Amino acid sequence: MEPFITHTGIVAALDRANVDTDQIIPKQFLKRIERTGFGQYLFFDWRFLADGSPNPEFELNQPAARGASILVARRNFGCGSSREHAPWSLADYGFRVVIAPTFADIFFSNCFQNGMLPIRLDEQDVDELLRRAAAAAKAGTNYRLHVDLPAATVSDDAGFSKPFQIDPFRRTCLLEGLDNISLSLKNVADITAWEAGHGLPPVAAAGR
Amino acid sequence: MPAKPRTLLEKIWDDHLVCAPDGDQPMRYIDRHLVHEGTSPQAFEGLRLAGRRIRRPEATFATPDHNVPTTDRRLPIADPISKQQIDTLRNNCREFGVRLFDLGDADQGIVHVIGPELGITQPGMTIVCGDSHTATHGAFGALAFGVGTSEVEHVLATQTLRQSKPRSFEVRVEGALHPGITAKDLVLFLIGKLSTEGGTGYVIEYTGECIRNLGMEERMTVCNMSIEAGARAGMIAPDQKTFDYLRGRDFVPQDFDRAVARWSTLPGDAGAVFDRVEIYNGGDVVPQVTWGTNPAQVVGIDAAIPDPGCFADAADRDSATRAIEYMGLTSGTRIADLALDRVFIGSCTNSRIEDLRAAARVAQGYRVAPTVHAMVVPGSGRVKRQAEQEGLDRIFTAAGFEWREAGCSMCLGMNPDTLSPGQRCASTSNRNFEGRQGKGGRTHLVSPAMAAAAAVQGHFVDIREWQYR
């Protein structure tokens, strides 16, 4: 997994609450058996009109959001299904950071598995980011944020700077781009001991 | 010194600790892993690329459910991408030695229906599946939750997960449900109170007289929708009903009485403390109908579409405005005046035999309204056979409902069962998100009895006033 240390990028403002995973990646695209190539389907039903052309009303289709890699949305982002296709499609589209006041648990956890950083900021800070992004769009420009994972801060060039909380283990995994499975398999003796202690028959050596 | 009293969740959580390496999140053992075709292909591929095997194939059970056709199973699957996904599951199960309840197997069905009915689901277990409705299995006093595909792969390879400790949330429901009020109405009522994110970060344990009086299938309906309140899982302490349900099922322990003795120690200790407690009364619940595009946007059958202005919070107002527009509704319209195009009875929330019995009791002697297309999709092959033995299929087909094969079907419309744009549907499923049942489709979540009654009348009706024939 690609390590995440710092990231500077353009903000796409999605001023909506309860954005569910069915919107992030509609079910018709879940039949694919690959892990890649989902970016083209991100927010499909919102992003495209019935004739397949881009919906000019949709937030990600605005000129200010072109090339965006940081998504800012309102609370309970990623609610609904456990489909990891949601972070896959966001990452494949080019997002590396999602900022919202709150996230649904499974989506939040799925992001970390894909080198993507979900950041919880207070509601009023998200308000402020959405205001600044809207002001930049109105002025015909885009709005950029800088995310520093070692320092755990989000900042812009105009005085906004806020710390965020992150679980130390998850931070380490992102910083070092660690593969969770390799890490866990180091503890295979503990797994075997737990199984023996719970009356399970031994297993053959479990992969590498 | 006496041990600190523990909740059901704490007992399971503590018992499954494998190790807590320095600086790492502790690893917990996963007892059962349920797999379906939709979220597993990439996990198996990951194993293959890394040259790994499944640590405990015998703890892993698979079935295709999400995108399977519910029409004649003897016909080939028309959609080549669906077929490829189902073939991939079959090949992966063969290669990695996983027990598969395949299409055509008598026990195929929705993964959350077959787990309990085969006795794979047991009290005190940790159970995961790449599906958010895994909370269903919490009805047996298991800790069951949905995970993403990377975690599916992690469990396949290690039989463990690293998860931060959830907070505990007691949702106590006192009193009794009125006649005609179902577990579905109860859970929709609770989600309406808790909001779609009220349970985020928590595992809910449902307690209280009203919950204890629910049967096992009703308990599954309640736990199933815990995720719709944002909770990682929902659970109910095991009791005699749990043990009676499980006895004699295919995969339960051979020494069942010994297992019961062990399971009997699981309920929370007297004096155990939850991080949060909310108390409701079952007597306050009326038949529920969702009007919006998330399950917390719900009212009683006797209410009207709300005015977004009545929500205090700006984001709620905005959500309600968008939802009313998407749903093609007008504030002030009575729920009972909403005309329907489609009715779907099925899904991991409401496709078990008691759900079908409840719907059939309503449909008996009636005809589906000529303006409505209605279908019943049993949750599993076993449920289907049981219903057919009881003659429920004949009641449904005589009334004009379609009687289908088992699968997730129009709950998420991955298979050909979908709504057309603008169609309004009374659905016994669990999500009314935009486009969930088909792009542009409009979903109202209800109980099986309410759905059946709506099919007959062509609009919503109060099931408490139904004239049974």
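Residues numbered from 1 in each chain as written. Chains lettered and ligands numbered in written order. Predicted model: local features only at pLDDT ≥ 70, side-chain atom pairs only at ≥ 80, totals over all residues. Heavy atoms only, no water.

1. Observations regarding the packing of helix 12 (residues 353-363) of chain B against helix 14 (residues 392-399) of chain B
Residue and element names in this part refer to chain B. For clarity, the cut-off: The angle between two axes is taken between their N-to-C directions and runs from 0 to 180 degrees, where each axis is a line fitted to C-alpha atoms and a helix contributes only its stretch in contact. Helical segments are the DSSP runs of H or I of at least four residues, strand segments are the runs of E of at least two, and each set is numbered from the N terminus. Each angle is binned into one of four classes, with values under 35 degrees roughly parallel, values over 145 roughly antiparallel, values of 65 to 115 roughly perpendicular, and all other values oblique. Two helices crossing with the near one rotated counterclockwise from the far one by less than a right angle form a left-handed crossing, whereas a clockwise rotation gives a right-handed crossing. A contact between two residues is defined here by any heavy atoms of the two lying within 4.5 Å. The nonpolar class holds Ala, Val, Leu, Ile, Met, Phe, Trp, Tyr, Cys and Pro. Asp, Glu, Lys and Arg form the charged class, and all remaining residues, Gly among them, are polar.
Axis separation between helix 12 and helix 14 bottoms out at 9 Å; the angle between their running directions is 45°. Accordingly, the angle class assigned to the pair helix 12 and helix 14 is oblique. Our pair here, helix 12 against helix 14, has a crossing hand that is left-handed. On helix 14, the residues touching Ile353, Leu356, Arg357, Ala359, Ala360 and Ala363 of helix 12 are Leu392, Ile395, Phe396 and Ala399. Classifying every residue of the contact of helix 12 with helix 14 gives nine nonpolar, no polar and one charged.

2. Some remarks on the packing of helix 12 of chain B against helix 13 (residues 381-389) of chain B
All names here are of chain B. Between helix 12 and helix 13, whose axes approach to 9 Å, the crossing angle comes to 40°. In terms of axis orientation, helix 12 runs oblique to helix 13. At the point where helix 12 passes helix 13, the crossing takes the right-handed sense. Contact residues: helix 12 offers Ile353, Leu356 and Arg357, while helix 13 offers Val383, Gln386 and Ala387. Each residue belonging to the contact of helix 12 with helix 13 can be placed in one class, and the counts come to four nonpolar, one polar and one charged.

3. Some words on the layout of surface pockets
We apply this condition: Residues are called lining when one of their atoms sits within 4 Å of a cavity or pocket point, these points coming from a 1 Å grid over the protein atoms alone, where a cavity is a set in which a 1.4 Å probe fits but cannot get out and a pocket is an open set with protein on both sides within 12 Å along at least five of seven lines. Grid points are joined across faces, edges and corners, and a volume is the space filled by probe spheres set on the points.
Taken as a whole, the largest pocket spans an internal volume of roughly 950 Å³. In terms of lining residues, the largest pocket is bounded by 31 residues, among which His198(A), Asp31(B), Gln122(B), Met125(B) and Arg262(B) are the most central. Elements supplying a minimum of two residues to the lining of the largest pocket: helix 1 (8-15) and helix 10 (256-263) of chain B. Counting residues per element, the lining of the largest pocket draws most heavily on helix 10 of chain B, at four residues. Split into classes, the residues belonging to the lining of the largest pocket amount to 15 nonpolar, six polar and 10 charged.

4. Digging into the domain arrangement of chain A
All names here are of chain A. The following threshold applies: The source of the domain bounds is an automatic or database domain assignment. Buried area is calculated as the accessible area (1.4 Å probe) missing from two parts once they are joined, with the contributions of both summed. The salt bridge criterion pairs a side-chain nitrogen of Lys or Arg with a carboxyl oxygen of Asp or Glu, the two atoms within 4 Å.
According to the domain assignment, chain A contains domain 1 (6-177) and domain 2 (178-208). For domain 1 and domain 2, the distance between their C-alpha centres works out to 35 Å. Facing the six residues of domain 1 at the interface are four residues of domain 2. Of the roughly 380 Å² buried between domain 1 and domain 2, counting both surfaces, carbon and sulfur atoms make up 54%. Taken together, the connections running from domain 1 to domain 2 amount to zero salt bridges. The residue makeup of the side of domain 1 that touches domain 2, split by class, is two nonpolar, three polar and one charged.

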